[in-house]
Structures are given as structure tokens and as C-alpha cells.
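These are the residues of each chain, in order.
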Amino acid sequence: MTLPSTIDPPLTRQKPEDQKIFAEVVLNLPLKDSFTYAVPSQFHSIVRPGIRVFVPFGRRKLTGYVVSLSDSHDPALAIKDIEDVLDTDPVLSPEILSLTKWIADYYQSSWGEAVKAALPAGLEDESREILTLSPEGASALHEGTLKESWSIILKTVQQRGQVTPNQLRRFLKDKFSAYALARLKQTGCLQSQLHINRSVVRYQYEKLARAVTPAPDHEEVEKLLGRSPKQKAIYTLLLDGEKTLKELAKQIPSYAAPFKKLQEKGLAEVTTIKNHRDSEPDEADASWSPEAHLPFTPDQKRAFKELNHSLDVGEFKTYLLHGVTGSGKTELYIRCIQKALELKKTAIMMVPEISLTPQTVSRFHARFGKNVAILHSGLSQRERYLEWKKIQDKRVSIVVGARSAIFAPFKDLGVIVIDEEHDSSYKQDSSPRYHARDTAIVRARSENAVVILGSATPSLESLANTESGKYHYLSLDKRVQDRLLPVVEIVDMQKEKDEKKNFTILSGRLKTAIRHRLDRKEQVFLFLNRRGTSNYIFCKECGFVFDCHYCSVTLTFHGKDNLIRCHYCNYTARVPKSCADCQGQVIKFSGYGTQRLEDEIRRLFPQARTVRIDRDTTRGRSAFESMHQLMNAGEIDILIGTQMITKGHDFPNVTLVGVVHADISLNIPDFRSAERSFQLLTQVAGRAGRGRVPGQVIIQTHEPSHYVFGFVREHNFKKFYEKEIVNRKKLNYPPFTRMAALGIECESEAMGERATRELAEPLARIVARARGIEMVGPSPAALYQIKNKYRWHILLRAKSAGTLRSVLDQAKNLKEFKSPFKGKVKFSIDVDPLNLL
């Protein structure tokens with residue numbers, strides 16, 4: 001993977017005023033090409049690659065990104081002018097422009113989509129088309145002579161007052177006709193206006209109070225304010241100059257009522273000013289001093305020696321740091337980042353969103369103070385922009401963040417760390433579907449930076465890359481301070497039922513262990529990767545299962561709200577009193593989720609302080625922070641959670657981890673299910689015994705003979721890898737092939753099937769002509785329906801990335817791929833997919 005050399009340097013020679021400059025502009029649209037615009041003479045000195053511009057595009061006006069300049073253009077093209085320039089300095093460096101070009105080419109997105117992913121949300125200005133009913137349209141609707149498809153659109157606009165074309169599509173669904181809408185605008189039945197939405201993220205707005213000019217004479221003012229001393233005081237103040245409302249409030253508390261009277265008398269007014277938002281300077285903390293380094297273990301010393309050498313010589317190198325849980329990987333990351341800073345370089349520290357806990361953030365602040373920017377999804381658009389602006393303004397040298405941190409606008413990059421490199425959240429699930437780990441390696445190669453991929457359970461692809469020599473392998477085989485890895489015990493839940501007649505959620509062994517740990521004033525983690533009270537409900541008389549109307553999944557019962565909910569589209573309904581199929585009265589609840597587990601724990605251990613953490617209870621980062629404070633203070637005895645509690649947490653007093661239903665991830669129809677199960681169980685087991693007391697892990701399963709559980713019990717990643725890699729080779733799956741998934745979605749099942757067939761036929765011919773590639777499918781997706789859309793996929797498996805890219809480029813040019821179904825069928829391409837559901 002190498003960066004393209006397609007970014008043209010800016011034009012630097014002086015140009016006469018009458019000589020034309022043309023800009024190549026990319027847009028955040030699924031269109032592969034760039035578009036040529038003329039640069040008006042007043043913008044000649046401003047426009048250069050990396051600048052954002054406002055351009056006309058069809059009937060719309062959009063934010064675009066300048067990627068190159070030239071002094072000529074194709075004379076056959078009708079060229080429009082750039083309307084406005086949105087920046088004084090480029091928001092995209094040449095390095096980020098090149099990186100986004102590589103993303104667009106490799107992951108089959110448009111360049112504009114890749115650029116949009118690299119910038120903080122909310123920066124774009126854009127226009128919206130607003131439709132209203134004209135007098136002619138109202139008259140035609142009254143006469144009732146229009147076609148039905150025309151009348152439906154006019155009636156909707158009449159009812160709503162004003163709508164956008166996208167809103168019309170959503171309201172009318174199958175009854176919407178793009179042709180009818182175009183004709184209604186053409187005939188004047190609908191009026192169309194462009195409304196420009198300006199970005200509020202990059203600006204801050206302030207309200208100013210000022211005296212109205214020209215001011216009345218002195219006698220008039222005395223007559224109006226003679227008996228109102230407070231009004232007079234405010235007016236006198238404003239005569240000296242306008243004040244922000246904040247300044248006014250400081251100087252004259254309770255100013256609001258008298259100021260309102262001044263407005264009514266025509267003596268004062270309020271205006272709003274707009275300023276570019278700058279990153280706010282952090283106040284220096286005089287009491288802060290960096291936290292001392294933790295002592296290295298012999299394994300850490302050996303690993304740091306190699307990493308330190310690569311940082312010193314400034315060479316590009318990718319290291320896979322394979323360390324057991326609690327082995328001190330984070331300390332190594334921090335030392336390498338410190339080394340980069342000593343070399344006057346910058347650093348990116350990436351962690352999965354789920355691991356970006358208050359603990360992680362506070363640890364970096366303790367070592368590096370205010371020299372750290374934090375990027376995560378819990379920030380508002382404004383907060384995220386300000387953190388990004390800190391980086392761009394060179395006020396920080398380190399960024400800690402999730403996937404999008406790879407686009408941090410740093411110069412002189414020294415090291416990129418990707419913690420939990422195996423985590424699937426590094427792969428974006430919408431266009432551009434880039435993988436942040438692989439993107440990091442491409443960026444580091446172009447900037448001669450060191451990459452550290454850390455994990456206790458590396459992905460099979462990464463481990464295979466160490467064997468081929470692409471990555472360099474480093475290991476931390478022991479926990480710090482020679483702490484023992486937890487003892488893992490597997491409990492057969494089928495035996496619990498058959499031999500002990502225990503039909504409850506918890507095995508006798510786990511109940512006893514919880515009681516023992518509580519008696520010793522230690523803390524317990526209970527892990528169940530499923531929310532809700534029961535995972536499905538069915539009719540005992542006919543066996544009918546209550547499914548989501550819009551997705552191919554069962555509805556989950558949430559007892560607290562007495563609702564059944566779909567965890568894909570969030571459809572909710574009241575629990576039915578009878579079967580929808582046979583009208584039977586006996587509705588049975590089966591399975592269980594975290595809510596049911598919490599109820600059971602509170603019943604069995606009423607004195608224990610129990611807290612549940614999942615998406616239903618955690619709506620903001622404050623809930624996480626509160627949980628951390630309570631755990632550290634010893635005010636939580638039992639913490640129940642989903643995958644949220646498996647990473648990023650280090651609580652020394654957690655000595656017992658219970659995995660309540662370990663089979664969930666094993667039974668997912670995906671070739672990576674065994675790998676993900678091993679990773680998940682190993683990670684959650686690693687939360688136990690991180691302090692002085694050795695840890696204990698109890699895993700409950702109905703399939704104790706599955707090979708995954710044996711390797712988890714032995715903490716034997718090497719043996720798991722050896723077995724799993726053989727299976728992958730037999731089945732021709734990564735890392736032995738390069739893969740892409742072509743997805744097809746449609747609200748109409750029949751139309752989707754037809755579109756899938758029509759695409760598969762010419763695609764099969766392209767694949768047949770190529771060498772070293774095979775096509776699998778088409779077939780319905782495992783989750784056949786989500787959010788009322790039917791889904792199919794076609795898999796391509798190739799020996800080389802070049803072959804795969806060549807076939808995909810040809811596929812995108814097929815007329816069948818360009819969707820002749822009036823936009824009602826959606827096609828997508830996912831290169832190196834992590835999810836085949």
C-alpha cells in the first residue's frame with residue numbers, strides 16, 4: 001500500500017490579472033471524478049490545494065475541496081466560477097490530501113467522501129432546495145385535472161407548507177416520482193428556492209448591545225430617561241461604545257428589564273456579530289508536574305530498545321506488540337510518545353471508542369498535561385472542532401482518539417500507536433469504508449514514522465504479516481510485577497440443567513464464587529453481550545416468534561419499560577397480550593439479557609451494590625465517568641455489562657469475572673466468529689487479578705468442547721492461531737486472500753432480487769476473464785432485512801489487492817452497477833470487510 005503521487009503542487013509563478021486559473025474540486029458525493037471551476041481574479045492569491053470553496057453544482061451549492069490548480073482546462077467543458085472561498089489557509093495538508101486520495105482509490109469511495117471523513121463534522125456550508133406551492137399549483141390542485149403522481153406531491157407540499165425534495169421522498173416512499181417533481185417545477189406548479197445553510201461550528205456568534213444612531217438630542221433623552229436611573233446608566237455606557245451582553249451583565253447586573261425598555265423607546269438595539277472560532281488557550285496549571293515513569297520489566301526493556309532505535313533513526317517500521325493483558329503495553333506506548341516529543345515530533349495514539357475511558361484519558365493527561373487533544377464521539381461538533389483546531393494550530397503534540405484520529409493535521413509525525421489493533425471498530429461501516437489501522441500504516445510510510453500495533457489478541461492478518469516480514473514482532477509474555485494471569489474455569493451449563501436441575505441464569509459455581517468475593521470485600525465483573533430482559537418472546541401454543549417488522553431479527557423484551565425492541569432499527573412495541581398468528585394467550589419469554597441478569601443478581605445478593613453498564617443505561621460519557629469514580633472508590637460491588645466493560649478498564653480490586661453466556665459470539669454466521677470469541681473472552685478475562693489478589697474467571701457455556709474455550713482456559717494464543725490459520729487456508733479466507741463484498745439494498749424484495757441478478761451476470765464475466773479471483777454468490781445476507789430494506793451480497797476473493805482493485809474498477813463502470821432503478825436500489829463496495837452479516 002503506497003500513497004499516490006497525484007497531488008499537484010500549487011501554482012507559484014506570478015500571473016497577470018487577466019490570465020485564468022482553474023481549480024480541480026472534489027465534493028462529498030459518491031462521484032469518482034473531480035470537477036473543474038474557474039477561480040475569479042479576486043481569489044487568485046487565496047485559492048490553493050487544501051482550501052475549501054463554495055461552488056454551484058447543478059441546482060445546488062456545495063462545499064468543495066480544492067485538490068489541484070492549473071492554467072488550462074478542457075475547452076469542451078462549460079466552466080462555472082467558484083462563488084466563495086471558505087478558508088484563509090488550507091484545512092488539508094498535502095499529506096492528508098494524498099492520504100485521502102489513497103483511501104478513495106483503495107476503498108472504492110469518492111475522493112470527496114474521503115476528504116469529508118478527514119475533517120471534523122459541521123464544517124460544510126451547503127444549500128437546500130425548498131419547495132412551496134405556487135398559485136398555479138394551488139389552482140391545478142383545486143381543478144383536480146392532474147395525474148395522481150402529480151397530485152400526491154402537490155397535496156403533500158400544500159399540507160407541509162414547504163419541503164425539501166429529500167423530505168418528499170421520505171414522506172411518499174413508493175408513491176414518489178422524480179419525473180413528476182421535475183415536471184411540476186418546470187410547469188410552475190411548484191416554486192423552488194435555494195436556502196444556504198452556513199456552518200455554525202467554525203464561527204462563534206455574539207450579541208452586541210449598542211445605542212441607536214443618530215442619537216436623539218440631550219433634552220429628548222432627559223425627557224425619556226429622567227425618571228429611570230438604571231436605563232440612563234445603561235444608555236450612557238452604550239454611548240461610549242457597543243458592549244456584548246456578557247460585558248453588560250458584568251457591569252450592570254440585572255440589566256435585562258431596563259435594557260428592554262431602552263429598546264422599546266428606540267434608544268438601544270441588539271445586533272449579532274460572527275467571528276471565526278479559534279481554539280481557546282488552555283490555562284497553564286502551575287501545580288502540574290508530569291507523573292513519574294513506571295519501572296520497566298525485562299520484557300518491556302527489550303521491546304523499548306528496538307522501538308527507541310527506530311524512533312531515533314526516523315525510519316518507517318511497523319511493530320506488532322503482542323502482550324498479555326496487564327503486561328504494561330500502555331507504559332510502552334507512553335514512553336515511545338515521550339521519545340517522539342523529545343525528537344521534536346508529534347504522536348497519534350488510537351484506541352477503540354469503547355476503550356477511550358476516563359481512565360485512559362486521565363493517564364495521558366497525568367504524563368503530558370495540556371499537550372494532549374482528545375477526539376471521540378462523545379464530543380459535540382463544537383468541542384470536536386476546537387480539539388481539531390488545537391492540533392492544526394500546533395498547540396498540542398499528541399492526539400488520543402478513536403478511528404478518525406488518524407487524520408489529525410500534524411506535521412513531523414514521529415509515532416502512531418494503535419491499541420487493541422484487532423478491534424473491529426477501526427473499520428468504518430459507511431463510505432469511505434476505510435480501516436484506520438491500515439490507513440495508519442500508509443500514512444506512516446509516507447512520513448517516515450513508526451507504527452506500533454498493540455494487542456493481547458492480535459488479528460490473524462497482523463500475525464500473518466509478522467511471519468511474512470511486513471511487521472516486526474515484539475512480545476510481553478508476563479504481567480507487570482510478576483502478577484499471575486487469572487485462573488479460567490469452564491462451566492457446562494447443560495450439565496447444570498441435566499444433573500443439578502439448575503435452570504437459572506447463574507451456575508452454582510458462579511454464585512458461590514460471587515458470594516466468596518463479596519465476603520472478602522472484592523469486586524466482581526459479570527459480562528453478558530446481550531441487552532434486555534429476554535432475547536426473544538414466542539407463543540407456547542404455535543411456536544410463533546415475534547420478529548421486527550423491518551429487520552430479520554427477533555424483538556428483545558425490556559422488562560423495565562414493558563416493551564419489545566429491535567436493537568437494529570430501534571422499533572418498539574408494547575408486549576402483546578396474545579399471539580399475532582394463532583391468537584393464543586400463552587406468551588413465553590426465552591433467553592436473557594443484561595437487564596434480566598441485573599434483576600437476578602439483585603434478588604440473590606440484595607446487600608451488594610450492583611450497577612449495570614450497557615447502551616440502555618449509558619447515554620453519555622458522564623455515566624462512564626461516574627462508574628469509574630464509584631469503582632475506584634469501592635462503592636460498586638458487582639458491575640454488570642456488555643462489551644463496554646471488556647476494554648480500557650483497570651480496577652485492581654476486581655478479582656472475579658463471570659461470563660454468563662459465552663456462546664453468543666460463537667454462533668454468529670461469520671468466518672471470524674471463533675477469532676472474535678477468543679479475543680472477546682481473553683479481553684474480558686484480563687480484567688481480573690490486575691492488583692495484588694490473583695484473579696478468577698468463570699465462563700458459562702453450552703458448548704464446553706469447542707476448541708476456543710480450551711485455548712482461553714490455557715491463555716494460549718499461539719495454539720489458537722495455529723489451529724485457526726489452518727481453517728482459514730482450507731476455506732480460502734483472509735489472510736490468504738484479499739476480499740471485497742458488494743452489497744445490494746432495496747425496500748422492494750422483487751426489485752432487489754432483479755437488480756442483484758442483473759449485476760451478477762456481467763460481473764461473473766469480468767471475473768472469468770481475470771486470473772486469481774473468484775466470485776461467491778450472489779446470496780441473501782445473513783441479516784436479510786434491516787430497517788425495512790432487503791439485503792444481498794456478492795463476495796470477491798482474490799490472490800492480490802491489484803487484481804481485486806482492477807475487477808472492482810470494472811464493476812463500478814457497469815451500467816447495472818450505476819442502478820437503473822431510479823435510485824431505489826443501493827449498491828455498496830466494502831474492501832477488506834470485517835462484517836459479512
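What counts and what doesn't
- Residues numbered from 1 in each chain as written.
- Predicted model: local features only at pLDDT ≥ 70, side-chain atom pairs only at ≥ 80, totals over all residues.
- Heavy atoms only, no water.
- Helix = DSSP H or I, 4+ residues; strand = E, 2+ residues; numbered from the N terminus.
- Buried < 20%, exposed > 50% of the residue type's maximum accessible area, 1.4 Å probe, protein only.
- Contact = heavy atoms within 4.5 Å.
- Areas by Shrake-Rupley, 256 points an atom, 1.4 Å probe, with all protein chains shown as cover.
- Expected span 1.5 Å × (residues − 1).
- Arc of directions from axis to C-beta.
- Axes fitted to C-alpha atoms, helices over the stretch in contact; angles between N-to-C directions.
- Parallel < 35°, antiparallel > 145°, perpendicular 65-115°, else oblique.
- Left-handed = near helix turned anticlockwise from the far one by under 90°.
- Nonpolar A, V, L, I, M, F, W, Y, C, P; charged D, E, K, R; others polar.
- Pairing = 2+ DSSP bridges.
- Core = buried A, V, L, I, M, F, W, Y, C linked by side-chain atoms within 4.5 Å.
- Phe/Tyr/Trp six-rings, centres within 6.5 Å; stacked < 30°, edge-to-face > 60°.
- pLDDT = per-residue confidence, 0-100.
- Polar contact = N/O pair within 3.5 Å; in protein donor to acceptor, adjacent residues only side chain to side chain.
- Right-handed = clockwise from strand over helix to strand, strands pointing away.
- Salt bridge = Lys/Arg side-chain N within 4 Å of Asp/Glu carboxyl O.

## Observations regarding the overall build of the protein
Inference 1: In terms of regular secondary structure, the protein is built from 25 helices and 33 strands.
Inference 2: The proportion of buried residues among the 837 residues of the protein is 52%.
Inference 3: Within the protein, residue pairs in contact and separated by at least 24 positions form 76% of the contacts whose partners lie at least 6 positions apart.
Inference 4: In the structure as shown, the protein presents an accessible area of about 39,800 Å², 49% of it carried by carbon and sulfur atoms.

## Considerations on helix 18 (residues 508-519)
Inference 1: Compared with an ideal rise of 1.5 Å per residue, which puts 12 residues at 16 Å, helix 18 spans 17 Å between its outermost C-alpha atoms and is within 8% of the ideal.
Inference 2: Within the span of helix 18, buried status applies to Leu510, Lys511, Ala513, Ile514, Arg517 and Leu518. Along the long axis of helix 18, the arc covered by the buried residues comes to 165°, so they all point the same way.
Inference 3: Lining the buried residues of helix 18 we find strand 20 (523-527), helix 19 (594-604), strand 27 (638-641), strand 28 (654-659) and strand 29 (696-701).
Inference 4: One or two positions beyond helix 18, positive phi appears at Lys521, with a value near 65°.

## Quick look at the packing of helix 21 (residues 673-685) against helix 22 (residues 707-714)
Two quantities define a packed helix pair, namely the angle between the axes and the distance from one axis to the other.
Inference 1: Close contact between helix 21 and helix 22 brings their axes to 10 Å; oriented N to C, the two are set at 30°. Comparing their axes, helix 22 and helix 21 come out roughly parallel. For helix 21 against helix 22, the interelement crossing comes out right-handed. Of the residues in helix 22, those touching helix 21 at Ala674, Ser677, Phe678, Leu681 and Thr682 are Tyr707, Val708, Phe709, Phe711 and Val712.
Inference 2: Among the residues forming the contact of helix 21 with helix 22, the class breakdown is eight nonpolar, two polar and no charged.

## Notes on the sheet that holds strand 18 (residues 472-476)
Think of a sheet as strands paired side by side through backbone hydrogen bonds, with each pair either parallel or antiparallel.
Inference 1: Taken together, seven strands build an open sheet; the order of strands is 14-15-13-16-17-12-18 and the sheet is parallel. Where the open sheet ends on each side, the last strands, each with one partner, are strand 14 (372-375) and strand 18. On average, adjacent strands in this sheet sit at an angle of 15° to one another, irrespective of strand direction.
Inference 2: Sheet strands touched by helix 13 (residues 358-368): strand 13 (346-350), strand 14 and strand 15 (398-401). Its angle to strand 14, the strand with the most contacts, is close to 165°.
Inference 3: Here helix 14 (residues 381-392) sits on the sheet in contact with strand 14 and strand 15, set at roughly 145° to strand 14.

## Focus on the nonpolar core
Inference 1: Judged by nonpolar contacts, the single largest core of 113 residues is most densely connected at Ile348, Met350, Val399, Ile416, Ile699 and Leu742.
Inference 2: In terms of residue count, the dominant contributor to this core is helix 1 (residues 94-106) (seven residues).
Inference 3: In this view, Ile348 contacts Val399, Ala405, Ile406, Ala408, Phe410, Leu413, Val415, Ile416, Val417 and Arg443; residues no more than four positions away in its chain are not counted.
Inference 4: By size, the runner-up hydrophobic cluster in this structure holds 30 residues, among which are Ala303, Phe304, Val417 and Val450.

## A short note on the packing of helix 4 (residues 148-160) against helix 6 (residues 178-186)
Inference 1: Orientation of helix 4 relative to helix 6, taken along the N-to-C sense of each, is 70°, at an axis distance of 9 Å. Relative to helix 6, the element helix 4 lies roughly perpendicular. Residues Ser149, Trp150, Ile153 and Leu154 of helix 4 touch helix 6, and the partners they reach there are Ala180, Leu181, Arg183 and Leu184.
Inference 2: Within the contact of helix 4 with helix 6, the residues separate by chemical class into six nonpolar, one polar and one charged.

## Focus on unusual backbone geometry
Inference 1: Geometrically, the link from Ser431 to Pro432 is a cis peptide bond, its omega value of 0° lying close to zero.
Inference 2: Inspection of the secondary structure puts Pro432 in the loop between strand 16 (413-419) and helix 15 (436-447).
Inference 3: In this chain, Gly777 is followed by Pro778 through a cis amide linkage whose omega measures 10°.
Inference 4: Mapped onto the elements of the fold, Pro778 is located in strand 31 (residues 773-786).
Inference 5: Located in the positive-phi region is Gln481, a residue other than glycine, with phi close to 55°.
Inference 6: Note on placement: Gln481 falls in the loop between strand 18 and strand 19 (487-492).

## Side note on the sheet that holds strand 28
Inference 1: The strand order 19-29-28-20-27-26 describes an open sheet built from six strands, whose pairing is parallel. The open sheet has two free edges, formed respectively by strand 19 and strand 26 (610-613), since each of these has just one partner strand. Between one strand and the next, the sheet's axes are offset by a mean angle of 15°, whatever the strand orientation.
Inference 2: In the sheet, strand 20 pairs with strand 28 via five bridges, with the strands oriented parallel. The residue of strand 28 that forms the bridge with Phe527 is Val659.
Inference 3: On the sheet, helix 17 (residues 493-500) packs against strand 19 and strand 29 and is oriented at approximately 50° with respect to strand 19.

## What about the packing of aromatic side chains?
What describes a pair of aromatic rings is the distance from one ring centre to the other and the angle between the planes of the rings.
Inference 1: What the rule picks out here adds up to 19 aromatic pairs.
Inference 2: Between Trp102 and Tyr106, the aromatic rings sit 5.2 Å apart at their centres with planes inclined by 10°, giving stacked as the arrangement. Placement of both Trp102 and Tyr106 in helix 1 is noted, with a separation of four residues, approximately one turn of the helix. Like Tyr106, Trp102 is buried.
Inference 3: Centroid distance Tyr707 to Phe720: 6.4 Å. Interplanar angle 25°. Geometry classified as stacked. Of this pair, Tyr707 sits in helix 22 while Phe720 sits in helix 23 (residues 717-731), and the two are 13 residues apart along the sequence.
Inference 4: Within the aromatic cluster, the residues linked to one another by ring pairs are Phe678, Tyr707, Phe711, Phe717 and Phe720.

## Re the environment of Lys301
Inference 1: Structurally, Lys301 is set in helix 11 (residues 298-313).
Inference 2: The class of Lys301 is exposed, set by a relative accessible area of 54%.
Inference 3: With 31 residues separating them along the chain, Lys301 and Leu332 place their C-alpha atoms 9.0 Å apart.

## Side note on the confidence of the model for the protein
Inference 1: Mean pLDDT over the protein: 85, with 88% of residues reaching 70 or higher.
Inference 2: Here residues 8-16 scores under 50 on pLDDT; set against residues more than four positions off or in separate chains, the count is 13 contacts.

## Comments concerning the side chain of Arg797
Inference 1: Tracing the backbone through its elements, the reader meets Arg797 in strand 32 (residues 789-798).
Inference 2: Polar side-chain contacts of Arg797 include one of 3.3 Å to the backbone oxygen of Leu731.
Inference 3: Once you skip the residues sitting within four places of it in the chain, Arg797 turns out to touch Leu731, Asn732, Tyr733, Thr737, Arg738, Met739, Gly772, Ile773, Glu774 and Val776.

## Thoughts on the pairing of strand 15
Inference 1: Burial along strand 15 is two-sided: the face carrying Ile398 and Val400 and the face carrying Val399 and Gly401 are both buried.
Inference 2: Note that strand 13 and strand 15 share four bridges and pair parallel. Bridge pairing links Ala347 to Ile398 in strand 15.
Inference 3: The pairing of strand 14 with strand 15 spans four bridges and is parallel. Along strand 15, the bridge assignment pairs Leu375 with Gly401.
Inference 4: Regarding the hand of the β-α-β motif, the stretch spanning strand 14, helix 14 and strand 15 is right-handed.

## Here's the deal with the pattern of salt bridges
Inference 1: By the definition in use, this model includes 39 salt bridges.
Inference 2: The partner of Asp299 in a salt bridge is Arg302, with the nearest N and O atoms 2.2 Å apart. With Asp299 and Arg302 both in helix 11 and three residues apart, the pair spans about one turn of that helix.
Inference 3: Looking at Asp299, the relative accessible area reads 14%, which means it is buried.
Inference 4: Given a relative accessible area of 53%, Arg302 falls into the exposed group.
Inference 5: Through salt bridges that share partners, Glu331, Arg335, Arg363 and Arg367 make up one connected network.

## Some words on the pairing of strand 27
Inference 1: Going residue by residue along strand 27, you find Ile638 and Ile640 tucked away on one face and Leu639 and Gly641 tucked away on the opposite face as well.
Inference 2: Where strand 20 and strand 27 come together, four bridges link them in parallel fashion. The residue bridging Val524 from the neighbouring strand is Ile638, located in strand 27.
Inference 3: By the bridge criterion, four bridges tie strand 26 to strand 27 in an arrangement that is parallel.

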